[in-house]
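Summary of structural features
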Amino acid sequence: MTEFCLISAPGEKTCQQTWDQMMAATTRNNNLSTNHKFNIPDLKVGTLDVLVGLSDELAKLDSFVDSVVKKVAQYMADVLEDSRDKVQENLLANGVDLVTYITRFQWDMAKYPIKQSLKNISEIISKQVSQIDNDLKSRASAYNNLKGNLQNLERKNAGSLLTRSLADIVKKEDFVLDSEYLITLLVVVPKAAYTDWQKSYEGLAEMVVPRSSHLLFEDHDSGLFSVTLFLKAVDDFKHKARENKFVVRDFQYNEEELKADKEEMTRLSTDKKKQFGPLVRWLKVNFSEAFIAWIHIKALRVFVESVLRYGLPVNFQAMLLQPSKKTMKRLREVLNNLYKHLDSSASAIIDCAMDIPGLNLSVQEYYPYVYYKIDCNLFDFKV
């Protein structure tokens, strides 16, 4: 399970004692979770008013950065296309897998100097992740346009003989060209009707050149036949062909146009390959940056909420718990019993979804201890 509970509780005589109590309650007899200390440095506290305002701002920032992390991850899966099963190995934070990064979290002093105020640190993160979000939009737009144009051309070169491009099928020698009187038509004939076609095509109109029909290409359902006739008989031939379930393709051989289509396909395919590598590298780097920023926001939120709840001087232990799905409910009960003395109003776990007509209220979670969820499952699909 890739979901973590990031909690904090006030230091007893020492923070180590708080840690030992939690470990005893969750691991000694019941093995409810795998636990790690979550190291938060000595940040600048600031005033109470700033902390209260920052608590709301960080909640919004947390949600925004979470959405950017998921967008980058999802786009990585989209770009990898047929290799999307390799997406997890490309989604790393600081060169390690996400679980390792979270369980061994160390504050990045270079990116987020702790001499700065909490508000300044949150603004640094906000600017950084907003830039990633904007860059992702522009890069994704450019790559998607290229990919879309290529897919459109590929679609033209695939599908039924009734609609697909014929550029890679026909050759110059299949046609009578530059004639004042003659023209070569291309006709799609169902496979079941090949014999009918061979017997009847010369009689579908006057002035069809005898034995001029040749099978040029076939797919699962149909064949593409050429037939040569006099220009003045074209309308009559098309009409009779339609009556016999033979479809005349509207096609004129133009070497320059066909060459341009092939060159465009080659150009788009080459451009896509050229852009693929740098785009994947950019996504890897910026996923890492966004994910690191997100976990730092979680650390900021734990710090701010712990100071607001437990007061000064700063004295709390932040702890990361990784339960299994089966143990989550029991873990909640154990933690509630362990920490219910911290908040008399939270004598029972409040975890209710309110459904009031006209109000759109999401699930409200409140516990007597500081709690934030970290969910590393970034996809709605299985990769």
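Let me sum up the structure you'll find in this document. (Residues numbered from 1 in each chain as written. Predicted model: local features only at pLDDT ≥ 70, side-chain atom pairs only at ≥ 80, totals over all residues. Heavy atoms only, no water.)

**Focus: the pairing of strand E5 (residues 222-230)**
- Taken across its 9 residues, E5 has 8 buried, putting it largely inside the fold.
- Here strand E3 (residues 182-190) pairs with E5 via 9 bridges, running antiparallel. The residue bridging Val189 from the neighbouring strand is Gly223, located in E5.
- Pairing of strand E4 (residues 214-218) with E5, which is carried by 4 bridges, proceeds in the antiparallel orientation. Across the sheet, residue Leu215 finds its bridge partner in E5, namely Phe225.
- The antiparallel hairpin formed by E4 and E5 contains 3 residues in its connecting segment. (Buried < 20%, exposed > 50% of the residue type's maximum accessible area, 1.4 Å probe, protein only. Helix = DSSP H or I, 4+ residues; strand = E, 2+ residues; numbered from the N terminus. Pairing = 2+ DSSP bridges.)

**Brief notes about helix H1 (residues 15-28)**
- Between the first and last C-alpha of H1 there are 19 Å, a value that for 14 residues agrees with the 20 Å anticipated at 1.5 Å per step.
- Buried positions along H1 lie against strand E1 (3-10), strand E2 (33-37), strand E7 (316-323) and helix H9 (328-339). (Expected span 1.5 Å × (residues − 1). Contact = heavy atoms within 4.5 Å.)

**Some words on the environment of Thr103**
- Mapped onto the fold, Thr103 is located in helix H4 (residues 98-103).
- By relative accessible area, Thr103 is classed as buried at 13%.
- Here the alpha-carbon distance between Thr103 and Asp20, two residues 83 residues apart in the chain, equals 17 Å.
- Excluding residues within four positions of it along the chain, Thr103 makes contact with Phe4, His36, Lys37 and Leu320.
- At a separation of 2.8 Å, a polar atom in the side chain of Thr103 contacts the main-chain carbonyl oxygen of Val99. (Polar contact = N/O pair within 3.5 Å; in protein donor to acceptor, adjacent residues only side chain to side chain.)

**As for unusual backbone geometry**
- That bond from Leu312 to Pro313 is cis: its omega, -5°, falls within 30 degrees of zero.
- With respect to the helices and strands, Pro313 occurs in the loop between helix H8 (255-310) and E7.
- Look at Glu81: it is not a glycine, yet its phi comes out positive at around 50°.
- With respect to the helices, strands and loops of the structure, Glu81 is situated in the loop between helix H2 (48-80) and helix H3 (87-90).
- Take Glu81: its relative accessible area is 29%, and that puts it in the partly exposed class.
- The phi angle at Lys245 is positive, at roughly 65°, despite the residue not being glycine.
- For Lys245, the location among the structural elements is in the loop between helix H7 (234-243) and strand E6 (247-249).

**Some points on the sheet that holds strand E10 (residues 370-375)**
- Spatial strand order, E2-E7-E1-E10: 4 strands in an open sheet with antiparallel pairing. Because the sheet does not close on itself, it has two edges, and the strands there are E2 and E10. With strand direction ignored, the average angle separating the axes of adjacent strands in the sheet is 25°.
- With 6 bridges connecting them, E1 and E7 associate as antiparallel partners. Residue pairing for E7: Pro10 is matched across the bridge by Phe316.
- Against the sheet, H9 contacts E1, E2, E7 and E10, and its axis sits at roughly 5° relative to E1. (Axes fitted to C-alpha atoms, helices over the stretch in contact; angles between N-to-C directions.)

**Points about the nonpolar core**
- By size, the foremost hydrophobic cluster in this structure holds 64 residues, and its most contacted members are Ile125 and Phe291.
- At the level of secondary structure, the elements contributing two or more residues to this core comprise E1, H2, H4, helix H5 (118-156), H8, E7 and E10.
- Contact partners of Phe291, with chain neighbours within four places excluded, come to Val69, Ala93, Leu98, Tyr101, Ile102 and Cys376.
- Residues Ala193, Trp197, Tyr201 and Ala233 belong to the second largest nonpolar core, which totals 19 residues. (Core = buried A, V, L, I, M, F, W, Y, C linked by side-chain atoms within 4.5 Å.)

**Examining the packing of H1 against H9**
- Axis separation between H1 and H9 bottoms out at 10 Å; the angle between their running directions is 140°. Taken together, the axis directions place H1 and H9 in an arrangement best described as oblique. In this structure, H1 meets H9 at a crossing whose hand is right-handed. For the pair formed by H1 and H9, the contact residues are Thr18, Gln21, Met22, Ala25 and Thr26 on the first element and Leu331, Val334, Leu335, Leu338 and Tyr339 on the second.
- Partitioned by chemical class, the residues of the contact of H1 with H9 number 7 nonpolar, 3 polar and no charged. (Parallel < 35°, antiparallel > 145°, perpendicular 65-115°, else oblique. Left-handed = near helix turned anticlockwise from the far one by under 90°. Nonpolar A, V, L, I, M, F, W, Y, C, P; charged D, E, K, R; others polar.)

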